[in-house]
Amino acid sequence: MDDKSKQKILCVLYEDSGKYPPEYSRETIPVLPHYPDGQTMPSPRSIDFTPGHLLGSVSGELGLRRFVTDLGHELIVTSDKDGPGSKFERELPSADIVISQPFWPAYLTAERIARSPNLKLAITAGIGSDHVDLQSAIDANITVCEVTWCNSISVAEHAVMQMLALVRDYIPQYQWVVKGGWNIADAVSRSYDIEGMNVGVVAAGRIGLAVLKRMKPFDVKLHYFDRHRLAPAVEEELGLTFHENVESLVSVCDVVSIHCPLHPETEHMFNDELISKMKRGSYIVNTARGKICDRDAIVRALESGHLAGYAGDVWFPQPAPNDHPWRAMPNHAMTPHTSGTSLSAQARYAAGVREILECWFDGRPIRDEYLIVQGGGLAGAGAHSYTEGNVTAGSADASRYKNRSG
Ligand code: NDP
């Protein structure tokens, strides 16, 4: 890269109300010394934002504006990302760098990459780069990177919350209060204790292992399936049962929480066939990626009662069209894609994006643990957890979403 040339950075972030900054409910967020495995926190030379403030939306601009423009580069920030006339489509052909988020993904499909001759770097402000056609990025020699660890614990906390919300059937109980009722029999007719249940995770990476650790004090029986086995000491400490395949895991578990990346091996892993191997009355929590589950198979299993509940925060495509069937299916506890974008997480991924950009502009290597694709192949964290290929098919359907909040 010619580090003196002016770069055009196209940054796609989620919408906000325009009333910015909002009134914050807390003054500060905790300062963490390092991540659970010792990895250092994002370490840019400096930051131009206040940790704990809203940074992930268009007004927040990831706190990048001053840094980027002081260096003479151009920063374009938009939430208008879907459809042929969108700002993203219009600006992309001349962009050098794209920054996007899993929560509001600017899908970098093969067609879009083919129309972006200048594009050299795609940064995910978060974790999970499946919104990029990784095969096309490999073929076009685009570097793809993400801010590994930035929101892994945020997601683990959300997954634990949703497991408890499903098993205890929290949301309908809350709704009775809001409606003015005291209908205890109705409220508890689907409510159980999680204690003693078999709880399993699909993938025991950063998030999956954090979920297992957080579930241990609930006195449940813990299970996991992953391509690589955890160290014996970890299995022993947490009392884990390892499963050689996902079928074995789901057949014994009451609650299954999904934590693998979306790539060709995991796309539609939870289809009719796999769900039929689950016990009647099982629960699925999916905070990994919507497309790991077959959309309609989940709806069928909830409607038949084979699944007792489904929760998570990930959909396909995103934003989910207003008529996406998961919005209306029975016994769900879905959120929009929020788990990894708490105000706490935003401070980390904004700092991580700044660190990546500083490295890029200086011509210094981006940390290996942030890399997904580099030099025409999977690299770093990507080489460990992904397979080559493309899972963006169908993403154009995101253009059917219409914001109804205002
Ligand atoms: P990690 O890379 O730490 O963990 C991913 C794990 O998935 C690895 O242990 C990997 O195994 C395993 N895995 C990969 N493919 C398979 C497969 N076919 N079958 C079983 N296991 C598999 O990532 P994180 O835990 O930090 O994040 C996981 C995913 O969670 C992200 O890729 C993203 O999609 C999602 N996520 C969602 C967020 C949200 O806001 N909802 C935020 C952050 C992440 P191994 O490496 O051993 O081969």
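Residues numbered from 1 in each chain as written. Predicted model: local features only at pLDDT ≥ 70, side-chain atom pairs only at ≥ 80, totals over all residues. Heavy atoms only, no water.

S.K.: Before we move on, could you go through the nonpolar core and cite the residues and values that matter?
M.R.: One finds Leu-62, Ile-99 and Leu-357 to be the most contacted residues of the largest nonpolar core, which totals 95 residues. Considering each element in turn, this core owes the most residues, ten residues, to helix H13 (residues 343-362). The residues contacting Leu-62, other than those within four sequence positions of it, are Cys-11, Leu-13, Phe-49, Leu-55, Gly-56, Ile-99, Ala-125, Tyr-349, Ala-350 and Val-353. Within the second largest apolar cluster, 33 residues are counted, among which are Val-202, Met-278, Cys-293 and Val-391. (Core = buried A, V, L, I, M, F, W, Y, C linked by side-chain atoms within 4.5 Å. Buried < 20%, exposed > 50% of the residue type's maximum accessible area, 1.4 Å probe, protein only. Helix = DSSP H or I, 4+ residues; strand = E, 2+ residues; numbered from the N terminus. Contact = heavy atoms within 4.5 Å.)

S.K.: Which residues make up the site of the ligand, and what are the values?
M.R.: Looking at the ligand, there are 30 residues lining it, with Arg-206, Asp-226, His-228, Glu-265 and His-384 nearest. The separation between a nitrogen atom of the ligand and a polar side-chain atom of His-263 is 2.9 Å. Contact between the ligand and Ser-339: a nitrogen atom at 3.0 Å from a side-chain N or O atom of the residue. About the coverage of the ligand: the protein hides 95% of its 930 Å² of free accessible area. (Near = heavy atom within 4 Å. Polar contact = N/O pair within 3.5 Å; in protein donor to acceptor, adjacent residues only side chain to side chain. Areas by Shrake-Rupley, 256 points an atom, 1.4 Å probe, with all protein chains shown as cover.)

S.K.: If you had to explain the packing of aromatic side chains to someone new, which residues and values would you point to?
M.R.: For any pair of aromatic rings, the description consists of the separation of the ring centres together with the inter-plane angle of the planes. Counted by the stated rule, this structure contains ten aromatic pairs. Seen from their ring centres, Phe-67 and Phe-361 are 6.1 Å apart, and the 45° between their planes marks the pair as tilted. Within this pair, whereas Phe-67 is found in helix H1 (residues 65-70), its partner Phe-361 is found in helix H13, the two being separated by 294 residues in sequence. Across the pair, exposure class does not vary: Phe-67 and Phe-361 are buried alike. (Phe/Tyr/Trp six-rings, centres within 6.5 Å; stacked < 30°, edge-to-face > 60°.)

S.K.: Explain a nonpolar patch on the surface to me, and be specific about the residues and the numbers.
M.R.: On the surface, Tyr-170, Tyr-174, Val-177 and Val-178 cluster together into a nonpolar patch covering about 450 Å² of accessible area. With respect to the element layout, Tyr-174 can be found in helix H6 (residues 170-179). Overall, Tyr-174 belongs to the partly exposed group, its relative accessible area being 46%. (Patch = residues over 30% accessible without salt bridge, like charges linked within 9 Å, V, L, I, M, F, W, Y side chains within 5 Å. Salt bridge = Lys/Arg side-chain N within 4 Å of Asp/Glu carboxyl O.)

S.K.: Could you give an account of helix H8 (residues 206-215), with specific residues and numbers?
M.R.: In terms of burial, H8 is a largely internal element, seven of the ten residues being buried. Residues of H8 that are buried: Ile-207, Gly-208, Leu-209, Ala-210, Val-211, Leu-212 and Met-215. Buried residues belonging to H8 abut helix H5 (152-168), strand E6 (198-202), strand E7 (221-225), helix H9 (232-238) and strand E8 (240-243).

S.K.: Kindly report on the sheet that holds strand E11 (residues 307-312), identifying the contributing residues and their values.
M.R.: Spatial ordering of the open sheet is given by E8-E7-E6-E9-E10-E11-E12, a layout of seven strands whose pairing is parallel. The sheet is open, and its two borders are formed by E8 and strand E12 (332-334), each paired with just one other strand. Strand-to-strand, the axes of this sheet are offset by a mean angle of 15°, without reference to chain direction. Examined bridge by bridge, E6 and E7 share five bridges and lie parallel to one another. Across the sheet, the residue bridging to Val-199 is Leu-222, located in E7. Sitting on the sheet, helix H12 (residues 295-304) touches strand E10 (282-286) and E11, and the angle it makes with E11 is about 140°. (Pairing = 2+ DSSP bridges. Axes fitted to C-alpha atoms, helices over the stretch in contact; angles between N-to-C directions.)

S.K.: Provide a residue-level description of the pairing of strand E2 (residues 74-78), including the pertinent values.
M.R.: Of all five residues in E2, four are buried, a share of seventy percent or more. In this sheet, E2 lies alongside strand E1 (residues 8-12) in parallel orientation, the contact comprising five bridges. Note that in E2 the partner of Leu-10 across the bridge is Ile-76. In terms of handedness, the path from E1 via H1 over to E2 forms a crossover that is right-handed. (Right-handed = clockwise from strand over helix to strand, strands pointing away.)

S.K.: Can you explain the state of the cysteines? Please cite residues and give values.
M.R.: Joining two cysteines, a disulfide is a covalent bond between their sulfur atoms. Evaluation of the coordinates by the stated rule reveals zero disulfides. In this model Cys-150 remains outside any disulfide bridge; the closest cysteine sulfur is found in Cys-145, 12 Å from its own. Take Cys-150: its relative accessible area is 1%, and that puts it in the buried class. Counting only cysteine sulfurs, Cys-260 is the nearest neighbor of Cys-293, a cysteine outside any disulfide, at a range of 9.0 Å. (Disulfide = S-S within 2.5 Å.)

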